[in-house]
Amino acid sequence: MHLARAQKATGAEAVETVPPAVDLVLGASACCLACVFTNPLEVVKTRLQLQGELQARGTYPQPYRGFMASVAAVARADGLWGLQKGLAAGLLYQGLMNGVRFYCYSLACQAGLTQQPGGTVVAGAVAGALGAFVGSPAYLTVLGALETIWRQQGLLGLWQGVGGAVPRVMVGSAAQLATFTSAKAWVQKQQWLPEDSWLVALAGGMISSIAVVVVMTPFDVVSTRLYNQPVDRAGRGQLYGGLTDCMVKIWRQEGPLALYKGLGPAYLRLGPHTILSMLFWDELRKLAGRAQHQGT
């Protein structure tokens, strides 16, 4: 049935119609490739988000001040390779999370759910939640620490902080996929660029990146705190009881603006990552769609 629809489709629609299993591979590959370029920004963003944890503004030292100063501080402390800390875990996380996310979203598209009102947002959110759950252990730690966490905290210890990761990726995925799809369609409608040009996907990704950062940053700060907090012997967090508790404590003790700590590096990381991921994914889907169409 799916192949029949692909054969009947013409133009850009035929090019972009690929099976969900192919979207799994393409989504994972595109996001891993983007991760290589944006991981240093993730390192800086995490340092900024953890700085002054549960301390009133102005009462703690700030070794990280702004993007460029933070990059220099990390390089001085850990060397240039310190800016690529956690790259292996980042690639594993991006591959697992986005493979599942794009696979589930593609299934929703194939079933026609994204054609319903609000369907793109719902499909993006559900796909993001499932992807975040699967990828959570990789987001928690580098590969070498998995065995240690397993032994000390058990299997569930690998999902420490998942309560913050799922909402984070849910809102980010919904915003990313919905705005990219609509922004790309809008750019094509304006006929500023050739319909099949990679610049259309680039423009859509740039618009989408703004929405992603705005809605995702508060959840990103909370998720970072939940993953990095110390835990007791039972695996319970010693600072936060969960997503809501963490958000309330940050608001009360650090002020509401603390939920946007590291916003600059967050955009410099999430923005290019969104743009590159969606661009690579879109272009890879075109290639896969053409190959499939020519083979039928």
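Residues numbered from 1 in each chain as written. Predicted model: local features only at pLDDT ≥ 70, side-chain atom pairs only at ≥ 80, totals over all residues. Heavy atoms only, no water.

Core analysis: the biggest nonpolar cluster contains 15 residues, and Phe102, Tyr105, Leu177, Phe180, Met278 and Trp281 have the highest contact counts within it. When contributions to this core are tallied by element, the ones reaching two or more residues are α3 (20-50), α5 (87-110), α6 (119-140), α8 (162-190) and α11 (263-294). In terms of residue count, the dominant contributor to this core is α5 (four residues). Residues in contact with methionine 278, not counting those within four places in the same chain, are Phe102, Gln176, Leu177 and Phe180. (Core = buried A, V, L, I, M, F, W, Y, C linked by side-chain atoms within 4.5 Å. Buried < 20%, exposed > 50% of the residue type's maximum accessible area, 1.4 Å probe, protein only. Helix = DSSP H or I, 4+ residues; strand = E, 2+ residues; numbered from the N terminus. Contact = heavy atoms within 4.5 Å.)

Let us now look at the side chain of arginine 168. Counting through the fold element by element, arginine 168 comes out in helix α8. Ignoring any residue separated from it by four or fewer positions in sequence, one finds arginine 168 in contact with Tyr93, Tyr139, Met216, Phe219, Asp220, Ser223 and Arg269.

So, about the UniProt feature "transmembrane region" (unreviewed entry) in the chain. Mapped onto this structure's residue numbering, the UniProt feature "transmembrane region" (unreviewed entry) falls at residues 198-219. The span residues 198-219 carries 100% helix and 0% strand; its end-to-end C-alpha distance comes to 31 Å. (UniProt positions renumbered as here; feature names shortened; annotations may be inferred.)

A separate point is helix α9 (residues 198-228). Counted at 1.5 Å a residue, the expected span for α9 with its 31 residues is 45 Å, but the 39 Å between its end C-alpha atoms falls short. The principal kink in α9, of about 50 degrees, is found at methionine 216, preceding the proline proline 218 by one to four residues. (Expected span 1.5 Å × (residues − 1). Bend = angle between axes of the 7 residues up to and from the residue.)

With the rule as written, the count across this model stands at 13 salt bridges. With a closest N to O distance of 2.8 Å, aspartate 23 and arginine 285 form a salt bridge. Of this pair, aspartate 23 sits in helix α3 while arginine 285 sits in helix α11, and the two are 262 residues apart along the sequence. You can call aspartate 23 buried: its relative accessible area is 1%. For arginine 168, the salt bridge is made with aspartate 220, and the minimal N-O distance between the two is 2.5 Å. Here the residue arginine 168 occupies a position in helix α8, and aspartate 220 occupies one in helix α9, the gap between them amounting to 52 residues. No difference in accessibility class separates arginine 168 from aspartate 220, as the two residues are buried. Within the structure, one salt-bridge network assembled from shared partners comprises Lys184, Asp196, Asp282, Glu283, Lys286 and Arg290. (Salt bridge = Lys/Arg side-chain N within 4 Å of Asp/Glu carboxyl O.)

Together, Ile210, Val214, Val215, Tyr260, Leu263, Tyr267 and Leu268 make up an exposed nonpolar region whose accessible area comes to about 550 Å². Those elements that provide at least two residues to the nonpolar patch are α9 and α11. The residue leucine 263 is located in helix α11 in this model. Residue class for leucine 263 comes out partly exposed when judged on its relative accessible area of 37%. (Patch = residues over 30% accessible without salt bridge, like charges linked within 9 Å, V, L, I, M, F, W, Y side chains within 5 Å. Areas by Shrake-Rupley, 256 points an atom, 1.4 Å probe, with all protein chains shown as cover.)

Among the structural elements, serine 277 can be located in helix α11. The exposure class of serine 277 is buried, given its relative accessible area of 1%. Residues contacting serine 277, with those up to four places away along its chain left out, are Ala30, Cys31, Ala34 and Pro272.

Turning to the environment of lysine 261, a few remarks are in order. Turning to its location among the elements, lysine 261 is positioned in the loop between α10 (243-254) and α11. Taking the relative accessible area as the measure of exposure, lysine 261 reaches 14% and is therefore buried. With 41 residues separating them in the primary sequence, lysine 261 and aspartate 220 have C-alpha atoms 9.6 Å apart. Contacts of lysine 261, omitting those with residues within four sequence positions, involve Leu48, Gln49, Gln51, Gly52, Tyr60, Thr217, Val221, Arg225 and Glu254. Within the structure, lysine 261 has its side chain in polar contact with the backbone oxygen of glutamine 51 (distance 2.6 Å). (Polar contact = N/O pair within 3.5 Å; in protein donor to acceptor, adjacent residues only side chain to side chain.)

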